[in-house]
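Descriptive analysis of the structure
Chain by chain, the residues run as shown.
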Amino acid sequence: MTSPVGIEALREQVARAFSQQFGGAPTLWVRSPGRVNLIGEHTDYNDGFVLPIAIERQVTLAARPRDGVRVRVYSATLSARDEFDPHDLPHAQGWRDYARGVAWALREAGYPPPAVDIALASDVPLGAGLSSSAALEVGLGWTLTQVAGQSIDRARLAQLMQRAENGWVGVATGIMDQFIAALGQADHALLVDTRDLSYEAVPMPPGVSIVIADTNVKRGLVDSEYGARRRETAEAAHLMGAQSLRDVSAAEFDARAAALPDLLRRRAHHVVTENDRVLRTVAALEAGDLATVGEMMNESHRSLRDDYQVSHPNLDMLVEMARRVPGVYGARMTGGGFGGATVSLVANAAVPDFEGEVSRAYADATGQPPPIYVTRATDGVNALA
Ligand code: GLA
């Protein structure tokens, strides 16, 4: 069975699943998006800057309060159900543990989850680095608080959903993914300062598309290598006498980097220069200078590949193929790395060429075309009418 794609198809699927699983109709509909990061990679756990957008791929949820205390959740995408008492929570496997982590984080923060039936479906591709799990967490968190009649600030929701992932599921990610799922704005990228969670919506210029291409390489090594990068960058900051790499400017880095062992110097160099690139990208977007935006993206990829060493040969190949298409301003890997997807900034008129040429070249090289998603920036989590 092929899975439905797009908000209307998801909605039909979820409505059917809800009535089959729980009977009758839901009282609340919620949409929670996946994300792609334009630039600012592996900076969020270093107090740095990120520039993600929420994408036109999402988790759709339908809910209705019920009697008692139990939460029942059915995933129509996985044909799997979970049921738990949010006040007495054992761990579970896979997506169920994420659902329980959301209930746990809300409960601990004084937002006790209500008794509720929830059906959901997702068209965020799994394992492509487009934050299917943050979309699920933020969607569930928003749904539970809405059904309970609790008002929660979106940034607070993002923090709690990051806590669900860090403190319950046990994956030590930064806050970017949950933040953009909660606070995304249509047709804007979000410049987020992950130190104090201040943010600024940056209009996406007309005439260009965001094009995501998936290597088909499911992200490997993520947990161990991600943890290693966290430790390496924390140590590099410490050796330079800084609280975090965010506090080290490019000039200070040049003055102090000689004190670092080679590996830590390269890791820190990526983070320090990437923070700078994010701010230059925002300035270039505001000035309509797409050539500079593209240069920053290309340079970000080089830095992630050579200094941070989180790329993958298929990501490098896909980025090269994208850049060969006239009308592509820039291309880079996006997300944690070691597989997953690339993001390219493409003149609208060049999108069909991109789809044709990159698909052909990548299929010739690997035997399989890359799934390609052309997207605009969408809003963060919200109730649907
Ligand atoms: C993953 C994490 C994010 C961020 C990126 C790398 O997506 O969930 O917090 O660290 O990797 O930029």
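Scope of this entry: the structure provided in the associated data block. Not measured: the values here are computed from a predicted model.

**With respect to helix α4 (residues 154-169)**
With 16 residues, α4 extends 21 Å from end C-alpha to end C-alpha; this agrees with the ideal 22 Å at 1.5 Å per step. Among the residues making up α4, those that are buried are Ala155, Leu157, Ala158, Leu160, Met161, Gln162, Ala164, Glu165 and Trp168. In the core, the buried residues of α4 are packed alongside α2 (94-108), α3 (132-147) and α5 (176-183). Sitting at the head of α4, Asp153 places a side-chain oxygen 3.2 Å from the backbone nitrogen of Ala155. Among the residues trailing α4, Gly170 stands out with phi positive, at a value near 90°.

**Notes on helix α8 (residues 262-287)**
Its 26 residues give α8 an end-to-end C-alpha distance of 37 Å, which sits within 8% of 38 Å, the value for a rise of 1.5 Å per residue. Gly288 lies just past α8 and shows a positive phi near 70°.

**Observations concerning the sheet that holds strand β11 (residues 341-347)**
Across a sheet, strands are paired by hydrogen bonds formed along the backbone, either parallel or antiparallel in direction. With antiparallel pairing, 4 strands are arranged side by side in an open sheet as β10-β11-β9-β12. The outermost strands of the open sheet, each flanked by one partner alone, are β10 (328-333) and β12 (372-375). Neighbour-to-neighbour, the strand axes of this sheet turn through a mean angle of 20°, independent of strand direction. Along the sheet, helix α9 (residues 290-306) contacts β9 (208-214), β10 and β11; its crossing angle with β10, the most-contacted strand, is approximately 25°.

**Some remarks on the site of the ligand**
Near the ligand, the surroundings consist of Arg35, Glu41, His42, Asp44, Tyr45, Thr173, Gly174, Met176, Asp177, Tyr226, Gly335 and Gly336. Between the ligand and Arg35 there is a distance of 3.0 Å, counted from an oxygen atom to a side-chain nitrogen or oxygen. Measuring from an oxygen atom of the ligand, one finds a side-chain N or O atom of Asp44 at 2.6 Å. The protein chains hide 95% of the 300 Å² of surface that the ligand would expose on its own. Mapping the ligand onto the cavity grids shows that it belongs to the largest pocket. Each residue belonging to the shell around the ligand can be placed in one class, and the counts come to 3 nonpolar, 5 polar and 4 charged. Taken domain by domain, the shell around the ligand gets at least three of its residues from each of domain 1 (7-203 + 379-384) and domain 2 (208-375).

The rules we used
Residues numbered from 1 in each chain as written. Predicted model: local features only at pLDDT ≥ 70, side-chain atom pairs only at ≥ 80, totals over all residues. Heavy atoms only, no water. Helix = DSSP H or I, 4+ residues; strand = E, 2+ residues; numbered from the N terminus. Expected span 1.5 Å × (residues − 1). Buried < 20%, exposed > 50% of the residue type's maximum accessible area, 1.4 Å probe, protein only. Contact = heavy atoms within 4.5 Å. Polar contact = N/O pair within 3.5 Å; in protein donor to acceptor, adjacent residues only side chain to side chain. Pairing = 2+ DSSP bridges. Axes fitted to C-alpha atoms, helices over the stretch in contact; angles between N-to-C directions. Near = heavy atom within 4 Å. Areas by Shrake-Rupley, 256 points an atom, 1.4 Å probe, with all protein chains shown as cover. 1 Å grid on protein atoms, 1.4 Å probe; cavity = no way out; pocket = protein on both sides within 12 Å on 5 of 7 lines; lining within 4 Å. Sits in = over half its atoms within 2 Å of the grid points. Nonpolar A, V, L, I, M, F, W, Y, C, P; charged D, E, K, R; others polar. Domains from an automatic or database assignment.

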